[in-house]
Amino acid sequence: MLPAPVQWLALALAAMPIASFASPSEHTEAAHPDVLLIFIDDLNDWVGYLGGHPQAQTPNIDRLAARGAAFTNAHAAAPTCTPSRTAIFTGLRPTTTGVIGSSTDWAKVDPLLLTLPSAFGRSGYQRVALQKVDHEHWATDWDHYQPGFQNRSRPTLGKPIATFHIGPIDGVDADHADHRAVVAAIERLRAHRDQPLLLAVGLRKPHLPIQAPKAYFDAFPIEEVEFPAYREDDLDDVPRIAHHRPGWRRSAAAMASPRRNEIVQAYLATVAFIDAQIGLLIDALDQSPNAGSTIVVLASDHGWHLGEKGYFGKTTLWEETTHVPFIIVAPGVTKPGSRIDRAVDLVHFAPTVSDLAGVPFAGDLDGTSLRPLLEDPNAPWDRPAITTGDDASHAVRTDRWRYIRYRDGSEELYDHSSDPHEWVNLAGSADHARLLVELRRHLPKSRTWGSEPLRQPEE
Ligand SMILES: [Ca+2]
Ligand SMILES: [Ca+2]
């Protein structure tokens, strides 16, 4: 029988190998949690938790929202895919990177920009991107980047409306590229690995063509589909620059079509399809070894109009294009059921995700970590959401107001406390002159301010 202190020492020594000789991977995983990023292409606020359309059915996005922090007033940093995603992955505004529209000259973009996956690589992460994540401009920052998943060839059952291609398509979920991308993501979640995982999966829908298997369309009978609220005269008080764009002609044709509700039906059906795929992913995550510690972030790159202001599409600086779902579930930081109503934009995405994962993401960033809001949804927050349409056209969204300034100097101002549809432009009202001065201060300065020709927005 050993004396008590020696007994204690023997016990301690016996226990040591477990702690000291654990594999490096276990230490790494303890320090850096797995991170699952879910990107959705062109999904507006037509999800249950945001209430953008009363018939939207997104039970899986909603159950993810209920697990952590659901942002109710989040906005894209740009109203089209490439500049929005560039802001998401760099923490820099389009006016800083020069990545502003589809016409960006990538040769002029700083090749040394720090991206989210490159930062995670420095911290020992295995980085996997599946399908549409960052437009492949930084494909080499990932260990594995698989951009292409194909639909199995199936006949489209729907006919175009004013050149808008919609479904339904014949077949089942498994025929669809987004389903295949999710299956690949699930395999990654289940695979054995020795490193923490940064897994990003990008779903392509509800981006045009707005298509999903027929079963999802059947869930939204056309005679029951509700067309969004709009006003025939809504554009009368909107600056001309805002509605003289490509895309308005076919939008006008779609608005005049007796079949326009079919576009709404297609969007609702395709969103429900996407939601079902996200449900598969969440279920697989829940069954994976690191489920309890994995950070999950869901975001859309920007929204989409479905008839509001007579328009179908993105590229505008109005609420329908900028407002997006944004959910962060960070075990130990976010609390289940928390809602964050402060206006934020997605330039904070990379600094926030890096901060939550314990990954350094240094630099002179436009974005900052949203951790204070995640920990306390009522924490002070004095940065409005900014959406950049071109190098000199921006929207500023505060908790209450939307202010838009176009490159020709024309302006719009909407009061969301009384006008959630942005029907009444108050910019010309003398009552709001002082407010306008305050909101103008938030307009980002472009390094190419005023010197660039108007970039055509992408369709
Ligand atoms: Ca997009
Ligand atoms: Ca109006």
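Residues numbered from 1 in each chain as written. Chains lettered and ligands numbered in written order. Predicted model: local features only at pLDDT ≥ 70, side-chain atom pairs only at ≥ 80, totals over all residues.

Even after reading the chapter, I still don't get the environment of Gly292, so can you show me in this structure?
By the secondary structure assignment, Gly292 is in the loop between helix 11 (260–286) and strand 6 (295–300). Among the residues examined, Gly292 registers 10 C-beta atoms within 10 Å and is labelled exposed. Spatially, the C-alpha atom of Gly292 lies 52 Å from that of Gly428, the residues being 136 residues apart in sequence. (Helix = DSSP H or I, 4+ residues; strand = E, 2+ residues; numbered from the N terminus. Buried ≥ 20, exposed ≤ 12 C-beta atoms within 10 Å, placed from the backbone.)

Looking at this structure, how should I read the packing of helix 7 (residues 177–190) against helix 11?
Two measures define how a pair of helices packs: the angle their axes make with one another and the distance between the axes. Between helix 7 and helix 11, whose axes approach to 10 Å, the crossing angle comes to 10°. Put simply, helix 7 runs roughly parallel to helix 11. Contacts between helix 7 and helix 11 involve Asp178, His179, Val182, Ala185, Ile186 and Leu189 from the first element and Ile274, Gln277, Leu280, Leu281, Ala284 and Leu285 from the second. Across the contact of helix 7 with helix 11, the residue classes break down as 9 nonpolar, 2 polar and 1 charged. (Axes fitted to C-alpha atoms, helices over the stretch in contact; angles between N-to-C directions. Parallel < 35°, antiparallel > 145°, perpendicular 65-115°, else oblique. Contact = placed C-beta atoms within 7 Å. Nonpolar A, V, L, I, M, F, W, Y, C, P; charged D, E, K, R; others polar.)

How should the sheet that holds strand 14 (residues 401–405) be read in this particular structure?
Backbone-to-backbone hydrogen bonds join strands into a sheet, with any given pair of strands oriented parallel or antiparallel. The 4 strands are arranged 12-13-14-15 in an open sheet whose pairing can be described as antiparallel. In this open sheet, the two edge strands, each paired with only one partner strand, are strand 12 (385–390) and strand 15 (411–415). Within this sheet the neighbouring strands show an average axis-to-axis angle of 10°, counted without direction. Pairing analysis gives 5 bridges linking strand 14 to strand 15, with the strands arranged antiparallel. The partner of Ile404 across the bridge, within strand 15, is Glu412. (Pairing = 2+ DSSP bridges.)

Would you mind showing me how to read the nonpolar core here?
Across soluble globular proteins, you tend to see nonpolar side chains buried next to one another. Ile263 and Leu346 are the most contacted members of the largest nonpolar core, which has 117 residues in total. Looking at this core, the element that brings in the most residues is helix 11, giving 15 residues. Non-local contacts of Ile263, meaning those with residues more than four positions away in its chain, are made with Ile161, Phe164, Ile166, Ile210, Ala254, Leu306 and Phe312. (Core = buried A, V, L, I, M, F, W, Y, C linked by C-beta atoms within 7 Å.)

Please clarify how the pairing of strand 6 should be interpreted in this entry.
Within a regular beta strand, the side chains point alternately toward one face of the sheet and then the other, so they alternate between its two faces. Of all 6 residues in strand 6, 6 are buried, a share of seventy percent or more. Side chains Ile295, Val297 and Ala299 project from strand 6 onto one buried face, and the interleaved Val296, Leu298 and Ser300 project onto a second face that is buried too. Strand direction decides the pairing type here: strand 1 (residues 35–41) and strand 6, joined by 6 bridges, are parallel. Across the sheet, the residue bridging to Phe39 is Ala299, located in strand 6. Here strand 6 pairs with strand 9 (residues 323–329) via 4 bridges, running antiparallel. Within the sheet, the bridge partner assigned to Val296 lies in strand 9 and is Val329.

None of this, on its own, says anything about what the molecule does.
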